[in-house]
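Listed below are the residues making up each chain.
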Amino acid sequence: MLNFYKRGLRLNMDLIEKTLASEVVYEGKIITVYKDEVELSTGKTSFREVVEHSGGVVILAICKKDGIEKVLMVKQFRYPLKNALLELPAGKLEKNEDPFEAAKRELTEETGYTAKNWQDLGCIFTSPGYSDEKLYLYKATDLEFVGECPDEGEILIEYEYTPDEIKNMIKNGEITDAKTICAVMRGLE
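Overview of the structure. (Residues numbered from 1 in each chain as written. Predicted model: local features only at pLDDT ≥ 70, side-chain atom pairs only at ≥ 80, totals over all residues. Heavy atoms only, no water.)

### Observations concerning the layout of surface pockets
And then number 1: In this structure, the largest pocket encloses a volume near 1,400 Å³.
And then number 2: When residues of the lining of the largest pocket are traced back to their parent elements, those giving at least two are β5 (45-53), β6 (56-65), β7 (68-78), β8 (83-87), β9 (90-92), α1 (99-111) and α3 (178-187).
And then number 3: Tallied by class, residues from the lining of the largest pocket come to 15 nonpolar, nine polar and 14 charged.
And then number 4: One number sums up the size of the second largest pocket: a volume of about 320 Å³.
And then number 5: Listing elements by their share of the lining of the second largest pocket, those giving two or more residues are β4 (31-39) and β5. (1 Å grid on protein atoms, 1.4 Å probe; cavity = no way out; pocket = protein on both sides within 12 Å on 5 of 7 lines; lining within 4 Å. Points joined across faces, edges and corners; volume = space filled by probe spheres on them. Helix = DSSP H or I, 4+ residues; strand = E, 2+ residues; numbered from the N terminus. Nonpolar A, V, L, I, M, F, W, Y, C, P; charged D, E, K, R; others polar.)

Structure representation (structure tokens):
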């Protein structure tokens, strides 16, 4: 419980917001948007716009080529940004899909590899101010190429970089994708 003073009034705040009403304002293939009326912990009311998303997975896939570790990356056009981004392989969860199974599926779809070793790197919330999207992060090693099969409408260019090259690209702003930065920070020592 957070105690603080505001304009001379002592407030006991548990930072909980109670939903008073919820209205679907858009329902799409990937997201649903709600407009909720909420009661704040101060007792006042306000509105929240919430994007509901099924979540996704991100895979930090590392292979060895000539004894050198390489991180598999993909570059794809991201329509909302009107730009192509360099990212780790990733994808959305299908309804009721297990995140680990989704990670295995996405790794093969986007890179053509399967992995013998997997490590759970936890999860992140991408934009908790307006979305419930939760991404599950994984590290995949001991890779074997089996042939890629991207989703319909998905156009990717694959790249391989050393861990040091990836870290430098993050530092100098070449990699700006948040999910990639988070997985690299958790998965590369």
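That was the structure; now back to the text.
### What to know about the nonpolar core
And then number 1: M73, L88 and I166 are the most contacted members of the largest nonpolar core, which totals 20 residues.
And then number 2: Breaking this core down by element, the ones donating at least two residues are β6, β7, β10 (113-125), β11 (134-145), α2 (163-171) and α3.
And then number 3: Dropping the residues within four chain positions of it, L88 is found in contact with V58, I59, L60, V71, L72, M73, V74, T180, A183 and V184. (Core = buried A, V, L, I, M, F, W, Y, C linked by side-chain atoms within 4.5 Å. Buried < 20%, exposed > 50% of the residue type's maximum accessible area, 1.4 Å probe, protein only. Contact = heavy atoms within 4.5 Å.)

### What about α2?
And then number 1: Along α2, the positions that sit buried rather than exposed are P163, I166, M169 and I170. Taken end-on, α2 shows its buried residues confined to a sector of 125 degrees, consistent with a single buried face. Exposed residues pointing more than 90 degrees away from the buried face of α2 are listed as D164 and K171.
And then number 2: Looking at the buried side of α2, the elements it contacts are β7, β8, β12 (157-161) and α3.
And then number 3: One or two residues past the end of α2 sits G173, with phi positive at roughly 85 degrees. (Arc of directions from axis to C-beta.)

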